[in-house]
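For reference, the chains in residue letters:
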Amino acid sequence: MKALLRLLFPSLLFLSITADAFQQAPLTLKGVVTDENNLPLTGVNILVKGTQKAVTTDAEGKYSIVVDGPGAVLQVSYVGFISKEIRVGKEKDINITLVSQAKQLNDVVVIGYGTAAKKDVTGSITTVKAEEFNPGVMTTPAELLQGKVPGLNVTKSGDPNAAPAVVLRGPSTIRSTGGAMEPFYVIDGVPGASIDLLAPADIESIDVLKDASATAIYGTRAANGVIMITTRRSKPGQTRLSYNAYGAREEVSKQISMLTGDQLRAYLKANGDSLHAGVDDDGSNTNWQNLAEQKAYSQSHNLSFGGATNTTDFGGSGTYFRDNGILLNTWLERTILKGYLSQRFFDNRLRLGITLTNSHTKNHDIVQASVLPGILFYLPTVSPYNPDGTYKENFTRTGSGPLNPLSLINNAFSLTDDNKTLINAIAQVEIIKGLKYTLSFANQRDQNLYNFYANSHSALYLNYNGEAVRKSYLNTSTVVESYFNYDRTFDKHTVRLLGGYTYQQDRNNDGFGVSTQNFSNDALTYNNLFLSNPSNLSQVPFDNNPISTLRLISFYGRVQYDYAGKYLVQASLRKDGSSAFGVNHQWGYFPAVSAGWNITEEEFMKDIDFLSQLKLRAGYGVSGNSTGFNAFSALLVYGTQSSSKFLYNGNITNSIGPVRNDNPNLRWESTGTANVGVDFGVLKNRISGSVDYYIKKTTDLIYDQYPVSTTQYFVPTYTANVGSVKNTGIEVALNATPLKTHEFTWKTSLNFAHNHNVITNLSNTQFTLDSFPTAQVGGKGQSGNYSQIVKPGYALGTFLLWHYVGKNQNGISTFQKADGTITNQQPLTTDQRVGGNAQPTLVYGWTNNFYYKGFDLGFLFRGVLGNKILNATLAGLNDPVDAHFQNIPTFTLHESHNDINAYLISDRFLESGSYLRLDNATLGYTIKPRTQSVRSIRVYASGNNLFVITKYRGTDPEINIGGLTPGIDNQNFYPKTRTYILGVSANF
């Protein structure tokens, strides 16, 4: 036996060594890396985990790499695609398919203090990815979403310096200051960060949280919805360098048809009227709209880079943007610099990160309130200049727009210089498996400098010898977030817990503003104010803009439970305390609960192959609205009176007294939303969509103009919680891929939303108010008139107008009085009647995208139905009697020259605001060079606002829908533009 062992032992030892050597023999792996459409990917990074061995794919997507043997792990990463790990077996040929991050973003949404798989979401949330954004000259993130999100209505004029109005699921307040109607923005987890800090090319995705079960985690700031913005970051193993740029040409899409000089002379002659020769008629045919407008050129450049390993994430970007307005001397210029660094320690259990962003914006503007009506009303029979080159003026002329528009444009201007800096630091530690603690600190600093100068030739400030205004204010916001996340799965049970604390302090208006006049020359404009020579102190007024500090403290928690991916429950509670409200109601509670049922995860659905997804959702929550309030909203405030200075003992003294009543019971506006929805997908999600029905009711509406008696209060108006408003609606989103082959793909998306808005109450046990008028539009002989009313039973933006019944036998406009009789005189304000409102009944968008080989074609139609617009611009222009000193539109040629009432604002000028717009069409071509250094280059041509179908007679029906007085076109609409763009997007 021993002899046998002696013979076998060497043999067994040899076999063991041979097997071990064979097992550790290096393997050469080969294959091709492709995308979901089986197209090869160039420059994909393939790393052997735990080593420094790495290769990249060639122009045909091929790779070859040597590993130690079976069991090795390949880490595969590529910009724009989901990273993947592959364990090596015995196969030497390994082909790899990467899935784009676009698909991953489709499946993951940001929900506030965390993320969730879309299939696990129980609230109403819409996600829009970067490749779905609207291309164009965009200044804010909201414009990227126009026509993409059901229930989101975004309106924007052509003014480069004006922000769009954004309304989600209808207006929920009767306040319009300080963004009280706007959604709340969260940027990379920083609540309330300024959207001016964002470059569109840096955004990766936007999640719109619409119902209170999703938004209540943000408590008092979430009544109007929450827009979560996530910026681009690299994935582990990726390095990226991108350049995105475009040049744009903009032109006015439509002008108001005004009479030429010859047409006006002929009209007046035919009606026995005439102009004052010489001063009002020098034989000219001047088109003031053409002189004041221009074909503008805009540009944007964005260079970004980034990289990531298993422990480090870094990157940065720089953006330059210039938007020249189509009105002369109006433009916006913005530079954004951003850098971030994140490092992981202790086997990735600790992460430290910091992000620094700076945005520098300059806004150059003119006195639009005078220029916009001036280019319409000013006589076309007058040339712009005198023989000596000075601007021609007739200061004795009355009527609307009596000043030379070119003089207004070139002799007065404003320049705003705004510098915002955001520092965001984060520390995150994994305490035990599944339990993470996060501490973040964000500080936003906004230094705003406003400058205005009207020179000595400005007709707006005759004999002032120059008027200068300078304002400098510093606003800071500090936010500290401290919270725990616990995520664990036990068999079929998944539990996610959140608990946290927030501290926020906003310090505003740290600065001053002052005006002065009478300079020896105009060379220094608003600089060196000490050189002014005002004749008395009343010519040097200071801003009444007090410094304030506002604090918000919050405690919040959330529980999410998932059983086997079938049954989903979420509940949250937030407690907010704000120093803006009365001492008796500074704290508020905002609960929310929701549930979902993934029906397709049930066993009885397994054999139904055509149904890819079917989920029912239902939820109810309460959120608040504290936006737009300052530290003094509920306090008794003393300030300067209307006649602010007087002589006392030989000294100039300020007159100080109460300017605001205190209200210790002022509390939050609270919005409760019930939402029921269904998500579905059929044919492997070739067709998918969602349907939501909601009821949103806001109570404790805050109004700051309630009339009170001065025998009981210091000031005749009072800020109080009185009233409620209700929005009810349905939203539908449909997505489909009607056709998909190896080379051609067609994707289409349709969304539409209906909302019904109604004011339900304006009274409580202490205050009673049947209604209050709004919208003082003005006009000849109508300066004290209101054109809208806020009244229970009616929508916000309901019009209150005289009722036009036609012309009498003499061609004079007639109106129906309150008693039913007809008059050809100007009616009384008591004769006004309710008629229509500015709220649309349907908002919709339809997107189509076609892909063929390297080509892509996309277009977007969007529009609204059912809203009314008060065309006060046309009403004011329609004044045939005054045509001898102001111009009239071609519309007036059909009016009687004797119609002394033609200009009166009535329901004759209440028009349909419905429209269908081809908002964008884009054709692009993507080149993937056969080189590893260039991943892709896409060139594209795009057009915005290519046409609009509407019955509205103004320049454009996209009139501001936000604020307390929506839907009014009153000689203040900056013309909307048509834009043509050439752009490039390169990835390296």
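Under an unreviewed UniProt entry, the name given to the protein is SusC/RagA family TonB-linked outer membrane protein, and the organism recorded is Puia dinghuensis. For the record of the protein, the UniProt heading Sequence similarities (unreviewed entry) holds the text "Belongs to the TonB-dependent receptor family." Turning to the protein, the UniProt annotation filed under Subcellular location (unreviewed entry) states: "Cell outer membrane".

Okay, empty space enclosed by the protein next. Vacant regions in the atomic arrangement are exposed by a probe of water-molecule size rolled over the atoms. Throughout the structure, instances matching the rule amount to 13 cavities of 30 Å³ or more. In this model, the largest cavity occupies a volume close to 300 Å³. Lining of the largest cavity is provided by 18 residues; of these, Val137, Glu143, Lys976, Thr977 and Thr979 occupy positions nearest its centre. Put simply, the parts of the chain that give the lining of the largest cavity at least two residues each are β50 (936-950) and β52 (977-987). Its residues assigned to classes, the lining of the largest cavity shows two nonpolar, nine polar and seven charged.

Take the sheet that holds strand β16 (residues 226-231) next. Spatial strand order, β10-β15-β16-β13-β14: five strands in an open sheet with mixed pairing. Taken across any chain shown, the strands that pair with only one partner, and hence form the sheet edges, are β10 (125-129) and β14 (190-191). As paired strands, strand β13 (residues 184-187) and β16 are joined by four bridges and run parallel to one another. Paired with Phe184 across the bridge in β16 is Val226.

Next up on the list: the packing of aromatic side chains. Tallying each qualifying case throughout the model produces 33 aromatic pairs. Consider the rings of Tyr804 and Phe815, whose centres lie 6.1 Å apart with planes at 65°: the pair is edge-to-face. Taken as a pair, Tyr804 in strand β41 (residues 803-807) and Phe815 in strand β42 (residues 813-816) lie far apart in primary sequence, eleven residues in all. Ring centres of Phe855 and Tyr925 lie 4.5 Å apart, and the angle between their planes is 50°; on these two criteria the pair is classed as tilted. Of this pair, Phe855 sits in strand β46 (residues 855-865) while Tyr925 sits in strand β49 (residues 915-927), and the two are 70 residues apart along the sequence. A residue is classified by how much of its surface remains accessible, and Phe855, at 43% relative accessible area, is partly exposed. Here a set of aromatic residues connected by ring pairs shows up, and it is made of Phe744, Trp746, Trp846, Phe850, Phe859, Phe861 and Phe947. Sitting above the plane of the Trp331 ring, Arg322 keeps its charged end 4.1 Å from the centroid.

Within the largest apolar cluster, 27 residues are counted, with the highest numbers of intra-cluster contacts made by Ile206 and Ile229. Counting residues per element, the ones that place at least two in this core are α3 (141-144), β11 (152-155), β12 (165-168), β13, β15 (203-209) and β16. Element by element, the count of residues in this core is highest for β15, at three residues. In this structure Ile229 touches Pro141, Tyr185, Val186, Ile187, Asp188, Leu198, Ile203, Ser205 and Ile206, once residues within four positions along its chain are discounted.

Here we come to the pattern of salt bridges. Following the criterion strictly, the structure yields 37 salt bridges and no others. Among the ionic pairs, Asp196 bridges to Arg334, the shortest N-O distance being 3.4 Å. A residue pair is termed long-range when its members are at least 10 positions apart, and Asp196 in the loop between β14 and β15 and Arg334 in strand β20 (residues 331-345) qualify at 138 residues. An identical accessibility class is assigned to Asp196 and Arg334; each is buried. Lys471 is the partner of Asp543 in a salt bridge, and the nearest nitrogen-oxygen pair spans 3.6 Å. One end of the pair, Asp543, is in the loop between β25 (493-517) and β26 (548-563); the other, Lys471, is in strand β24 (residues 467-490), with 72 residues separating them in the sequence. Look at Asp543 and you get partly exposed, because its relative accessible area is 30%.

A word on the environment of Glu601. Structurally, Glu601 can be placed in the loop between β28 (587-598) and β29 (611-625). Remark: the alpha-carbon pair of Glu601 and Ser532, spanning 69 residues in sequence, is separated by 77 Å. Among residues more than four places away in sequence, those in contact with Glu601 are Gly565, Lys566 and Lys606.

Taken in spatial order, the four strands line up as β3-β2-β5-β6 in an open sheet, and their pairing is antiparallel. Pairing within the sheet leaves two strands with one partner each, and these edge strands are β3 (54-56) and β6 (84-87). Between one strand axis and the next, the sheet turns by 20° as a mean value, whatever way the strands run. Alignment of strand β2 (residues 45-48) against strand β5 (residues 73-77), held across four bridges, turns out to be antiparallel.

Conventions used here
Residues numbered from 1 in each chain as written. Predicted model: local features only at pLDDT ≥ 70, side-chain atom pairs only at ≥ 80, totals over all residues. Heavy atoms only, no water. UniProt positions renumbered as here; feature names shortened; annotations may be inferred. 1 Å grid on protein atoms, 1.4 Å probe; cavity = no way out; pocket = protein on both sides within 12 Å on 5 of 7 lines; lining within 4 Å. Points joined across faces, edges and corners; volume = space filled by probe spheres on them. Helix = DSSP H or I, 4+ residues; strand = E, 2+ residues; numbered from the N terminus. Nonpolar A, V, L, I, M, F, W, Y, C, P; charged D, E, K, R; others polar. Pairing = 2+ DSSP bridges. Phe/Tyr/Trp six-rings, centres within 6.5 Å; stacked < 30°, edge-to-face > 60°. Buried < 20%, exposed > 50% of the residue type's maximum accessible area, 1.4 Å probe, protein only. Lys NZ or Arg CZ within 6 Å of the ring centre and 35° of its normal. Core = buried A, V, L, I, M, F, W, Y, C linked by side-chain atoms within 4.5 Å. Contact = heavy atoms within 4.5 Å. Salt bridge = Lys/Arg side-chain N within 4 Å of Asp/Glu carboxyl O. Axes fitted to C-alpha atoms, helices over the stretch in contact; angles between N-to-C directions.

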